[in-house]
Amino acid sequence: MSAAITDGAVKALISQLGYSSLYPPQEMAVKSGILEYERILVTTPTASGKTLIAMMAILKAVEKGMKAVYLTPLRALASEKYDDLKILEKLDLGGSKIRVTVATTDYDSSGNELAGADVIVLTNEKMDTLFRHNAEWLGNVGIFVSDEVHLIGDRERGPTLEMMLTKIRRNYPQSQVVALSATVANSDEIADWLGCKLVESDWRPTKLVEGVYEYGAVKMSDGSKFKVESSGVSSAVDLAIDSFNGGGQALIFAETRKRAASLAAKAVDGVYKRLDKAARELAAGASADILARGDDSELTKTLAQLVAKGVAFHHKGIIKILTATPTLAAGVNLPARRVVIASILRYDSDYGGSVPISVLEYKQLCGRAGRPKYDAFGEAVIVSERGVNAEELYDHYVLGSPEPLRSQLSNDSAIRFHLLSAIATMPGMKKPEIHDLFAGTLFARQYRSATV
Ligand SMILES: Nc1ncnc2c1ncn2[C@@H]1O[C@H](COP(=O)(O)OP(=O)(O)OP(=O)(O)O)[C@@H](O)[C@H]1O
Ligand SMILES: [Mg+2]
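Residues numbered from 1 in each chain as written. Chains lettered and ligands numbered in written order. Predicted model: local features only at pLDDT ≥ 70, side-chain atom pairs only at ≥ 80, totals over all residues. Heavy atoms only, no water.

Caption draft 1: Structural detail: the overall build of the protein chain. Along its length, the protein chain carries 16 helices and 17 strands. Computed over its C-alpha atoms, the radius of gyration of the protein chain comes to 23 Å, within 12% of the 22 Å expected for a compact globule of 452 residues. If you line up the protein chain on its principal axes, its C-alpha atoms span 65 × 55 × 45 Å. For the protein chain, the proportion of its 452 residues judged to be buried stands at 55%. (Helix = DSSP H or I, 4+ residues; strand = E, 2+ residues; numbered from the N terminus. Rg over C-alpha atoms; globule rule 2.2 N^0.38 Å. Buried < 20%, exposed > 50% of the residue type's maximum accessible area, 1.4 Å probe, protein only.)

Caption draft 2: View of the packing of helix α12 (residues 359-366) against helix α13 (residues 390-398). One can describe the packing of α12 onto α13 by two numbers: an axis separation of 9 Å at closest approach and a directional angle of 85 degrees. Between α12 and α13, the crossing angle belongs to the class labelled roughly perpendicular. Counted together, V359, Y362 and K363 of α12 and H396, Y397 and V398 of α13 form the full contact between these two elements. Among the residues forming the contact of α12 with α13, the class breakdown is four nonpolar, one polar and one charged. (Axes fitted to C-alpha atoms, helices over the stretch in contact; angles between N-to-C directions. Parallel < 35°, antiparallel > 145°, perpendicular 65-115°, else oblique. Contact = heavy atoms within 4.5 Å. Nonpolar A, V, L, I, M, F, W, Y, C, P; charged D, E, K, R; others polar.)

Caption draft 3: View of a nonpolar patch on the surface. A cluster of nonpolar side chains, contributed by L419, L420 and I423, occupies part of the molecular surface with about 270 Å² of accessible area. Along the chain, L420 falls in helix α14 (residues 412-425). (Patch = residues over 30% accessible without salt bridge, like charges linked within 9 Å, V, L, I, M, F, W, Y side chains within 5 Å. Areas by Shrake-Rupley, 256 points an atom, 1.4 Å probe, with all protein chains shown as cover. Salt bridge = Lys/Arg side-chain N within 4 Å of Asp/Glu carboxyl O.)

Caption draft 4: Representation of unusual backbone geometry in the model. Positive phi outside glycine occurs at A47, with the angle close to 65 degrees. Looking at where A47 falls in the secondary structure, it is placed in the loop between β1 (40-43) and α3 (50-63). Taking the relative accessible area as the measure of exposure, A47 reaches 9% and is therefore buried. Positive phi values are uncommon outside glycine, yet E148 reaches one of about 55 degrees.

Caption draft 5: Fine view of the domain arrangement of the protein chain. Splitting the protein chain by domain gives domain 1 (8-200), domain 2 (207-398) and domain 3 (408-451). Here the C-alpha centroids of domain 1 and domain 2 sit 30 Å apart. Where domain 1 abuts domain 2, roughly 1,300 Å² becomes buried across the two surfaces, and 49% of that area is made up of carbon and sulfur atoms. The interface formed by domain 1 and domain 2 holds one salt bridge in total. D348 is the partner of R155 in a salt bridge, and the nearest nitrogen-oxygen pair spans 2.6 Å. Taken together, the connections running from domain 1 to domain 2 amount to three residue pairs in polar contact (both at pLDDT 80 or more). (Domains from an automatic or database assignment. Buried area = accessible area lost by both parts, 1.4 Å probe. Polar contact = N/O pair within 3.5 Å; in protein donor to acceptor, adjacent residues only side chain to side chain.)

Caption draft 6: Quick look at the pattern of salt bridges. Summed over all chains, the structure comprises 22 salt bridges. R157 is paired through a salt bridge with D154; the nearest N and O atoms lie 4.0 Å apart. Each of the salt bridges in this network shares a partner with another, and the network as a whole consists of D7, K60 and E63.

Caption draft 7: The sheet that holds β1, seen in detail. With respect to topology, seven strands assemble into an open sheet ordered β3-β4-β2-β5-β6-β1-β7, the strand pairing being parallel. Two strands in the sheet have a free side with no partner beyond their single neighbour: β3 (100-103) and β7 (197-200). Pairwise comparison of adjacent strand axes, ignoring direction, gives a mean angle of 15 degrees for this sheet. Of the strand pairs in this sheet, strand β2 (residues 67-72) and strand β4 (residues 119-123) are connected by five bridges, and their pairing is parallel. Among the inter-strand pairings, A68 is bridged to a residue of β4, identified as V119. (Pairing = 2+ DSSP bridges.)

Caption draft 8: Expanded view of the packing of aromatic side chains. Scanning the model with the defined rule gives six aromatic pairs in all. With a centroid separation of 5.6 Å and an interplanar angle of 50 degrees, the aromatic rings of F144 and Y172 are classed as tilted. Of the two residues, F144 is situated in strand β5 (residues 141-146) and Y172 in the loop between α6 (158-171) and β6 (176-181); the sequence distance between them amounts to 28 residues. The residues F144 and Y172 share a single accessibility class, namely buried. Residues Y362 and Y397 carry aromatic rings whose centres are separated by 5.3 Å and whose planes lie at 55 degrees to one another, so their mutual orientation is tilted. Residue Y362 is found in helix α12, and its partner Y397 is found in helix α13; the two are separated by 35 residues along the sequence. (Phe/Tyr/Trp six-rings, centres within 6.5 Å; stacked < 30°, edge-to-face > 60°.)

Caption draft 9: Quick peek at the site of ligand 1. Looking at ligand 1, there are 21 residues lining it, with A47, K50, T51, R368 and R371 nearest. One nitrogen or oxygen atom from the main chain of A47 is found 2.8 Å from an oxygen atom belonging to ligand 1. In this structure, an oxygen atom belonging to ligand 1 sits 2.7 Å away from a side-chain N or O atom of R371. Contact with the protein chains covers 91% of the free accessible surface of ligand 1, which is 640 Å². Per-class residue counts for the shell around ligand 1 are seven nonpolar, eight polar and six charged. In this structure, the shell around ligand 1 is formed jointly by two domains, domain 1 (8-200) and domain 2 (207-398), each of which donates at least three residues. (Near = heavy atom within 4 Å.)

What follows is the structure, given as structure tokens:
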């Protein structure tokens with residue numbers, strides 16, 4: 001057990017998790033005061049154990065009789081974090097039991113039903129609606145955790161997250177804020193804006209190597225090179241099968257759901273013939289379970305057919321190859337020794353076409369490979385497509401660093417929307433108060449308050 005930990009409840013949590021020691025970034029967070037109500041921005045690599053940092057702080061707040069809110073950008077991630085946090089229910093806090101709940105529904109409920117829980121997992125969007133309803137229990141929240149906080153820089157989802165954090169700072173100044181992300185280049189600026197201390201580190205529990213595939217060969221960042229057998233079907237699928245042959249599961253990212261589904265279909269033959277009898281039986285069982293849920297949509301039927309062959313899209317489980325769109329990337333723990341980026345393009349609905357992903361998004365995709373729960377190392381490979389030079393991809397993405405986060409409230413329609421929503425949801429709010437609210441945004445900080 002870590003020398004840094006003398007706290008009884010936290011010790012109990014770590015042993016409940018079965019961990020023998022804290023990871024170095026977790027030690028750093030403890031030394032920085034995460035257990036003593038310090039506001040902290042943690043920017044440490046993917047898979048470096050940021051969840052436990054938040055969990056320790058949550059436990060301390062709940063121990064003091066306060067509520068904890070854990071915010072994530074995605075429903076899939078909210079349910080994964082809910083599963084992680086449920087371990088708190090196994091702890092005994094002097095006879096009382098911790099209650100953990102999750103709310104991600106899109107419908108606009110007032111949130112009063114959440115009053116009975118101690119730890120509440122929410123999507124950022126759900127938090128936004130709860131703020132509008134001003135649920136009474138919000139006053140008893142001692143800690144807000146904001147996971148994947150780099151999404152502030154996302155054009156679509158950034159403004160809501162930025163306004164939410166601004167409101168937390170302004171309306172709940174006594175609450176602890178713990179913000180987490182693997183990819184914040186301008187961490188000093190973001191920490192300063194959030195009023196947080198910074199915990200920063202390059203430590204990752206498993207090695208992650210990145211590379212680019214072109215014409216049947218891969219060049220990796222550790223200097224290694226290897227050839228991949230071609231089936232003539234798809235280079236991305238070949239890379240995934242190659243990982244599977246080496247005993248590792250693979251995750252393929254594709255630019256659209258349609259392409260993700262089509263790549264999954266292409267992977268079926270290669271995967272199924274490599275499954276042994278036991279794996280085939282497991283796959284058949286998982287497939288039957290999916291159908292038994294009673295949802296008979298085309299998508300579910302297709303998924304069930306694929307799962308029977310050991311392949312899936314957007315689905316966890318006994319799967320050897322999983323395909324997904326980049327929206328799945330943030331924060332999730334999946335058994336992927338190798339991440340294959342089938343295309344560096346992503347469909348952008350505003351633009352009405354495909355755009356190259358940012359280095360930040362790319363690093364998040366890579367970060368799904370080599371999660372310590374499942375694998376001892378990870379690999380990420382970009383497939384170089386027709387007309388794109390592999391060297392350029394290597395230089396830009398593999399050698400590149402995430403872009404600094406910029407406020408997306410700079411977008412005219414975003415600021416108008418949030419201004420109107422502030423006026424509509426806080427009746428009686430006077431002009432100076434609205435000015436004060438917006439003066440607290442990252443936007444005001446980055447673009448000078450005069451323009452707000
Ligand atoms: N102290 C520890 N000892 C052993 N394993 C640990 C420890 N802390 C965390 N882990 C393992 O590390 C995995 C990754 O942790 P976590 O999901 O918190 O990473 P993260 O830093 O949030 O990454 P990301 O930026 O991708 O969200 C966990 O699933 C858990 O299995
Ligand atoms: Mg995480």
